[in-house]
Amino acid sequence: MAPQPPPADSYAELPYPSYCHPLTGVDGLCARGRLFGLATAPTARCRVLELGCASGGNLFPLAELWPDSRFVGVDRSQTQISAARELAATLGSRNIEFLAADILDLDPEALGRFDYVLCHGVWSWVPEPVRARILAMLPELLRPAGLAVISYNVYPGWHMREVVRGLMVERSRGLASAGAQVVRAREAVELVHASIAARRAHIGAEAPSVYEQAFAREREVVRRLPDAFLAHEHLEQDNTPVRFCEFAERAQAAGLAYVGDAELDTMVARDLPPDTLAALQAAAEDRVGFEQLLDFVRNRELRHSILCRRDANPRAEIDPAALETLRFAQHSRPLVEISAATLRPETAVVFPLHGSDDERAGIRVSDPLTKAALVELCARWPASVELPALERGARERLAQAGLELEGDPAQHRAQLCASLLECLLRRALSVRVCEPPLARSLTRPRVGAFNREMAARTGWVAGLDHQPFMLDPTLRHLVPLLDGRERPALLTALRELVARGALVPRRDGVPVLDGPQLDAALESFLQASSTSLARLPVLVSPPPVESAGGE
Ligand SMILES: C[S@@+](CC[C@H](N)C(=O)[O-])C[C@H]1O[C@@H](n2cnc3c(N)ncnc32)[C@H](O)[C@@H]1O
C-alpha cells in the first residue's frame, strides 16, 4: 500500500488516549515468566522500560503501586512526553522518568538493563528500521531473566482489515491535518458501505456476499473507534501486520526466545475439540508452527508476545511446579448456590470465565476440593491467596459442608493444582506474584493519586490488576475526593457536590438533596460506591505486601 505523507506530528494534534493495557501488567508478566521456568524479578522490586509510552498512562499506575520499582518511559512525541512529565510533577512521582527520544537513537548501554520491557501498540506501527531496532536492542536491554512484551498486528486477521484501511488511506491522502484525514476516511467507509448494499439490491442478489459481510464488520469497528485510535491505527503511515511465525523467526535471529503469549488461553486452544487439536498438533512442525496454524483457525489479528534472551532458556511447556510460587485470584461467583450437595463430586458446577459477562460460557468443575477453592477465592476477592492457604481454606469449606475427602492428600493436592492450571488456561482464574496494596477497610476509602487525577480528567482509572475501567459520571465526581480523608471531611465534600448539582443521592429511588435524610443518603451512597470500587479493585492502602514466593 502506498504510504501517505503524515501530518507534521499526528501525535501532537491527536494524542493517543494513554491508559493501562492489562496484558503489559508487570505482575502478570512476572507470573507468566515463572510458569515457563524463568526466575523473573518480583514486581515489587524491578526495573521497567516502556518503548513508545505516549503520555505514561500505562506506566503511572504501575509506578504508583510499586514504589520500590523503577520505571522509564520513552517516546519520540515531545508533546506526549511533556504531558507525562507534567503529570509526574503533579503526582510527585519519584520512581518514574520520561525520555523524549526516538527508538532509533537510544543507547542501550546508557539506559542500563531492565527486568521488563513493554512495547505496546508500537511495533506494527513504525517503519521497518524501528521494528528491527526494537528487536535488536532487547538482548542488550534485558537482564538475564528479563521479559519483553510486544504487541503487533498479525495475519490473517488483518488481510480483510487492510482492505478498509486501504480505502481510508487512499481517500484521506494529501490532507494536512490528522483530524481532517479522520473525517474524510470515515465518510469514505460510509460511502462504500452504502454503495456495496445498493449494488446488491440493484443486481438483484439476495444474500450479502462474504465481501459485504466482512466490509460491514470492519465498518462497525471504524464507527466505534475514537478519532485518535483511528488516526494511529488505520491511518498511520505504517501499519505492517506480519504472520506470527515471521515475528518469531525475527525474534530468534535477534538473539531472543519466544516465551509464550500474554493471553495464555490462546496457546492451549481449549476452544477446539480434542480431535481437531490433535490434527493441528500433528500437522505442526513445532510450537510456533502450531500457534501459527491456530491464528489461521481463529483469523487472529493481534498478538502480545512475551520474549526473553535466548540464553535464558525458557521451558517449552508450562511448569506445574511453578504454581507453588504464585498467588491465585478470581471473582466470578458460580452459577448455582454452593451447598453440601453442589460440592459433592457427582455435581459439576459452572464457574464463569474471568472478564466474561457471558454466564453460559464457563468452566465446569466436579472435583470437590477445586470447587471449594474457587468459592474460597471468590469470597476473598480482591485479595489473592497462595496455594497452601488456598488448600487449607478449601478443606475447611468442605469440612463445614460435612464432606470428607477420602484417599491420599497428596493426590488431592495434585488434582487441585492440575485443576487450577486448567482454570488459569481457560481464563477462569488469574495469578499474581506480588499482592498490590489492597484496601483492608472502607472507613477511609483511598484511591491512588494517579487514579484520582485520571477520574477527574478522563474518567478512566487503572485497576490494581492493571485493568482499565471507565467510571460512571457519579464516580467521576466521587473518586477525586477519595484520598483517605476522615469520614466527616468526606461527607462535607459530598454535600458540596450535592449543592453544585454534581451528585444526586437517592433513598428508595427518590432524590434527597437536603434535610435530615441527606446524611443517611450520602452514607449509603458512600458505602455502596466504596464497596464497588474495592471490588474493581481500585481502593488502596499502603504498604504493599509481597508473597512468600515473591523473591
Ligand atoms: C499507537 S501509540 C501507542 C502508545 C501506547 N504504548 C499505548 O499502547 O497506548 C504509538 C506510540 O509510539 C510512539 N512512537 C512511534 N514511533 C516512535 C519511535 N521511532 N521512537 C519512539 N517512540 C515512537 C508514538 O509517539 C506513540 O506515542
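About the cut-offs
- Residues numbered from 1 in each chain as written.
- Predicted model: local features only at pLDDT ≥ 70, side-chain atom pairs only at ≥ 80, totals over all residues.
- Heavy atoms only, no water.
- Helix = DSSP H or I, 4+ residues; strand = E, 2+ residues; numbered from the N terminus.
- Rg over C-alpha atoms; globule rule 2.2 N^0.38 Å.
- Buried < 20%, exposed > 50% of the residue type's maximum accessible area, 1.4 Å probe, protein only.
- Contact = heavy atoms within 4.5 Å.
- pLDDT = per-residue confidence, 0-100.
- Expected span 1.5 Å × (residues − 1).
- Arc of directions from axis to C-beta.
- Domains from an automatic or database assignment.
- Buried area = accessible area lost by both parts, 1.4 Å probe.
- Salt bridge = Lys/Arg side-chain N within 4 Å of Asp/Glu carboxyl O.
- Polar contact = N/O pair within 3.5 Å; in protein donor to acceptor, adjacent residues only side chain to side chain.
- Nonpolar A, V, L, I, M, F, W, Y, C, P; charged D, E, K, R; others polar.
- Near = heavy atom within 4 Å.
- Areas by Shrake-Rupley, 256 points an atom, 1.4 Å probe, with all protein chains shown as cover.
- Core = buried A, V, L, I, M, F, W, Y, C linked by side-chain atoms within 4.5 Å.
- Pairing = 2+ DSSP bridges.
- Axes fitted to C-alpha atoms, helices over the stretch in contact; angles between N-to-C directions.

Tallying secondary structure elements over the protein chain gives 22 helices and 18 strands in all. Against the compact-globule benchmark of 24 Å for 551 residues, the protein chain has a radius of gyration of 25 Å, which places it among compact chains. Taking the principal axes of the C-alpha coordinates as reference, the protein chain spans close to 70 × 70 × 65 Å. Here the protein chain, with 551 residues, has 52% of them falling under the buried criterion. A separation threshold of at least 6 residues defines the contact pool for the protein chain, and within that pool the share at least 24 residues apart is 76%.

This paragraph deals with the confidence of the model for the protein chain. Scored by pLDDT, the protein chain has a mean of 92; 95% of the residues are at 70 or more. For residues 1-7, every residue scores under 50 in pLDDT, and the model assigns this stretch 21 contacts once sequence neighbours within four places are set aside.

Helix length check: helix 17 (residues 387-400) (14 residues) gives 20 Å between terminal C-alpha atoms against 20 Å at 1.5 Å per residue, within 8%. Within helix 17, burial applies to Leu387, Leu390, Glu391, Gly393, Ala394 and Leu398. Buried residues of helix 17, seen end-on, are gathered within an arc of 165 degrees and therefore sit on one face of the element. Away from its buried face by more than 90 degrees, helix 17 exposes Arg392, Ala399 and Gln400. Against the buried residues of helix 17 lie strand 8 (327-329), helix 15 (340-343), helix 16 (368-380), strand 11 (385-386) and helix 18 (409-425). Gly402 sits one or two residues past helix 17 and shows a positive phi near 75 degrees.

A few words on the domain arrangement of the protein chain. Domains assigned within the protein chain are domain 1 (19-155 + 241-312), domain 2 (157-234), domain 3 (335-432) and domain 4 (449-535). The C-alpha-based centres of domain 1 and domain 2 are spaced at 30 Å. Approximately 780 Å² of surface area, both sides summed, lies buried where domain 1 meets domain 2, with 45% of it carried by carbon and sulfur atoms. Put simply, domain 1 and domain 2 have 2 salt bridges between them. One salt bridge connects Glu301 with Arg217, and the closest N-O pair in it is separated by 3.5 Å. Here domain 1 and domain 2 share 9 residue pairs in polar contact (both at pLDDT 80 or more) between them. For the side of domain 1 that touches domain 2, the residue count by class is 5 nonpolar, 2 polar and 2 charged.

Inspection of the entire model under this criterion finds 39 salt bridges. Two residues, Arg219 and Glu220, come together in a salt bridge whose shortest N-O distance is 3.7 Å. Owing to a relative accessible area of 14%, Arg219 belongs among the buried residues under this scheme. With relative accessibility at 34%, the residue Glu220 sits in the partly exposed group. It is possible to trace a salt-bridge network through shared partners that takes in Asp261, Glu263, Asp265, Glu291, Asp295, Arg300, Arg303 and Arg427.

His21, Gly52, Asp75, Gln80 and His120 are the nearest of the 18 residues found near the ligand. The side chain of Asp75 places a nitrogen or oxygen atom 2.5 Å from an oxygen atom of the ligand. Taking 590 Å² as the accessible area of the ligand by itself, protein coverage stands at 97%. For the shell around the ligand, a count of residues per class yields 8 nonpolar, 6 polar and 4 charged.

Here we come to the nonpolar core. Membership of the largest hydrophobic core comes to 113 residues, with the highest contact counts inside it found for Tyr116 and Ile150. Per-element accounting of this core gives the leading share, 7 residues, to helix 18. The residues contacting Tyr116, other than those within four sequence positions of it, are Val26, Leu29, Cys30, Thr40, Ala41, Cys46, Arg47, Val48, Leu49 and Leu147. With 26 residues, the next largest nonpolar core counts Leu482, Leu497, Val512 and Leu533 among its residues.

Time to look at the pairing of strand 7 (residues 302-309). Of all 8 residues making up strand 7, 7 are buried, and the element is well covered by its neighbours. Sheet topology note: the strand 5 (residues 142-153)/strand 7 ladder contains 7 bridges and is antiparallel. Across the sheet, residue Tyr152 finds its bridge partner in strand 7, namely Arg303. Here strand 6 (residues 256-261) runs beside strand 7; their pairing, made up of 5 bridges, is antiparallel. In the sheet register, Tyr258 faces strand 7, and the bridge partner there is Leu307.

Attention now goes to the sheet that holds strand 4 (residues 114-119). If you trace the 7 strands from one edge of the open sheet to the other, you get 3-2-1-4-5-7-6, paired in mixed fashion. Looking along the sheet, the strands with just one partner apiece sit at the ends: strand 3 (96-100) and strand 6. Here the strands of the sheet are splayed against their neighbours by 20 degrees on average, with no regard to which way each runs. Two strands pair when backbone bridges link them, and strand 4 and strand 5 are joined in this way by 5 bridges, in the parallel orientation. Across the sheet, the residue bridging to Tyr116 is Leu147, located in strand 5.

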